[in-house]
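Coordinates in review
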Amino acid sequence: MSMLAVGLCGTDVQIGAGHRGDVAGVLGHEGIGILHGVPGGDRLVAFNPVDVRDQDSILGHSFDGLFRSWVPLGPELPLSALQEVQPLDPVALLTLCEPLGTVLYSWELIERSAPAGPLSVGIWGAGPIGLLHVRRAIDQGHDVELVEARPERLAWVENHSRLAPVHLSVTGHRAPRPLDVAIVCAPRPAMASAVRQAADALRPGGTVVLVTALDAAAAAPTFVDATVGRVRRHNVCGNVDPELGMVTAVSHEGKPLVLTGHRGTSLAQLHAAESVLRADPGGYGALITHELSPGDAVDVINRRLDGQFQTADGSEIVKVVVRFPDGGRHG
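By convention here, each chain's residues receive numbers from 1 onward along its written sequence. Confidence filtering applies because this is a predicted model: local features only for residues at pLDDT of at least 70, side-chain atom pairs given and counted only at 80 or more, and all residues used for totals across whole chains, interfaces and linings. Side-chain metrics in this entry use all non-hydrogen atoms of the structure; hydrogen atoms and water are not considered.

Regarding the nonpolar core
A general trend in soluble globular proteins is that nonpolar side chains are found buried together. For clarity, the threshold we go by: Working definition of a nonpolar core: buried Ala, Val, Leu, Ile, Met, Phe, Trp, Tyr and Cys residues. They are joined through side-chain atoms within 4.5 Å. The classification of residues rests on relative accessible area computed with a 1.4 Å probe and restricted to protein chains. Under 20% of the type maximum is buried, over 50% is exposed, and intermediate values are partly exposed. Runs of H or I in DSSP of at least four residues are treated as helices and runs of E of at least two as strands, each being numbered from the N terminus. Whether two residues are in contact is decided by their heavy atoms, any of which lying within 4.5 Å being enough.
Among the nonpolar cores identified, the biggest contains 48 residues, and Leu131, Leu146 and Ile183 are the most heavily contacted of them. With 6 residues, helix H2 (residues 97-113) is the single largest residue contributor to this core. Ignoring anything within four residues of it in the chain, the contact list for Leu146 reads Ile123, Gly125, Ala126, Leu131, Val134, Leu154, Val157, Val166, His167, Leu168 and Ser169. With 25 residues, the next largest nonpolar core counts Val184, Met191, Ala201 and Leu214 among its residues.

Concerning the environment of Ala192
Within the secondary structure, Ala192 sits in helix H5 (residues 191-201). With 26 residues separating them in the primary sequence, Ala192 and Ala218 have C-alpha atoms 4.5 Å apart. When neighbours within four sequence positions are excluded, Ala192 is seen to be in contact with Ala218 and Thr222.

A closer look at unusual backbone geometry
The amide bond that connects Asp89 to the next residue, Pro90, takes the cis arrangement and shows omega of 0 degrees. Along the chain, Pro90 falls in the loop between strand S6 (82-84) and H2. Positive phi, normally seen in glycine, also occurs at Cys237, with a value near 55 degrees.

Some points on the packing of H2 against helix H3 (residues 128-139)
Defined as follows: Fitting a line to C-alpha atoms yields each axis, with helices limited to the stretch in contact; the angle taken between N-to-C directions then spans 0 to 180 degrees. Here the word oblique covers every angle except those under 35 degrees (roughly parallel), over 145 (roughly antiparallel) and from 65 to 115 (roughly perpendicular). Left-handed describes a crossing whose near helix is turned anticlockwise from the far helix by less than a right angle; the clockwise case is right-handed.
Interaxial distance between H2 and H3 falls to 10 Å at its minimum, and their mutual angle equals 55 degrees. The angle between H2 and H3 falls in the class oblique. Pair H2 / H3 crosses with right-handed handedness. On H3, the residues touching Pro99, Leu100, Thr102, Val103, Leu104, Ser106 and Trp107 of H2 are Ile129, Leu132, His133, Arg136 and Ala137.

Examining the confidence of the model for the protein
To be explicit about the condition: You can read pLDDT as the predictor saying how much it trusts each residue, on a scale of 0 to 100.
In this model, the protein carries an average pLDDT of 93, and 98% of its residues clear a pLDDT of 70 or more. Looking at the elements of the protein, mean pLDDT is at its lowest for strand S9 (residues 167-170), recorded as 86, and at its highest for strand S13 (residues 256-261), recorded as 98.

Structural notes on the environment of Thr248
Residue placement: Thr248 occurs in strand S12 (residues 246-250). Residues Thr248 and Val258, 10 residues apart in the sequence, show an inter-C-alpha distance of 4.7 Å. If near-sequence neighbours (up to four positions away) are discounted, Thr248 is found in contact with Pro256 and Leu257.

A short note on the pattern of salt bridges
For the record, the criterion: The salt bridge definition used is simple: a Lys or Arg side-chain nitrogen within 4 Å of an Asp or Glu carboxyl oxygen.
As enumerated under the stated definition, the model contains 18 salt bridges in all. As a salt-bridge pair, Arg177 and Glu145 come within 3.3 Å of each other at their nearest N and O atoms. Of the two residues, Arg177 sits in the loop between S9 and strand S10 (179-184) while Glu145 sits in strand S8 (residues 143-148), which places them 32 residues apart along the sequence. Its relative accessible area of 1% is what places Glu145 among the buried residues.

Some remarks on helix H4 (residues 151-158)
Each full turn of the α-helix corresponds to 3.6 residues, which orients residues three or four apart in the same direction. Inclusion rule: Comment: arc refers to directions from the helix axis out to C-beta atoms.
Residues of H4 that are buried include every one of Arg153, Leu154, Trp156 and Val157, and no others. Taken down its axis, H4 places every buried residue within 155 degrees of arc, on the same side. Packed against the buried residues of H4 are H3, S8, S9 and strand S14 (288-292).

Considering the side chain of Thr95
You can see Thr95 is positioned in the loop between S6 and H2. Discounting residues that sit within four places of it in the chain, Thr95 has contacts with Ala5, Val6, Gly7, Glu30, Ile32 and Val321.

Some details on the sheet that holds strand S1 (residues 2-7)
The condition that has to hold: Pairing between strands is defined by DSSP: at least two bridges between them are needed.
Taken together, 6 strands build an open sheet; the order of strands is S6-S3-S2-S1-S15-S14 and the sheet is mixed. Across the chains shown, the open sheet's two edge strands, defined by having one partner strand only, are S6 and S14. Strand after strand, the sheet turns through a mean of 25 degrees between neighbouring axes, direction not considered. Bridge count between S14 and strand S15 (residues 319-323): 4 bridges; the pairing is parallel. Across the sheet, residue Ile288 finds its bridge partner in S15, namely Lys319.

See below:
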């Protein structure tokens, strides 16, 4: 299978920077490729990175990922992990299918726990996944507050009208208003403090969505039972466990909260994400700030690995997509 485009994810940056123990030698799980040699001709496909049979088998994490021109299918990456998509211009936009699919999955969980109608939603972290959550929440008519540590990123958001209206707050200085839902998209090193802030901001009975892992050490400062961070492991690849995948977690202040999260997506969620992107390509495409060839992407990716968020000319690095020339070439 030849690759067309691959998006750089926050977890890719953490793995590449040595902040995670994943063993893949090649990163990348947000990709669009061309599947060759199938009946009916070549097909354009997106990837479902988490194996529904084994949630610890993850493309670009536990085995080599998509930042290469040619990716073989095999036991770790079977044909069933591919979702056919239809052409879209620019093709780079389709790399958002997988991250947007995870966002749609989160909102399916939110709809099970939160009251109907417009919600007050806080989103911690203005990386690409956080901004996809902002877009989805705004599209659904919710009142959104984005909490982010970097004023430069908030300034970038403010200058992109497709993300408005949204309340912008610097971490630790948010407006003191109760929230119905808190979506925590902070990177692992910042998870403990972000979850604590989110729990403090929620009304009793509010919902916390964990986008990234919350280990026991990070959960302990906020919740009486520090094992609740494992809730994500019970909602995998589109499935929902109504008992273990959505738990009541009590904060040290005695506030009951609904805690949930998930791992991976389903093919149906990837298909739904493609439909959302097709309906508003300009709005979602604005998140892709850098679409580069492999050679030109090296400096930008290295800057992200070094913890930088701006290029040499001062432009904000939000979402990077690497485009492979000639469809990666077959072979």
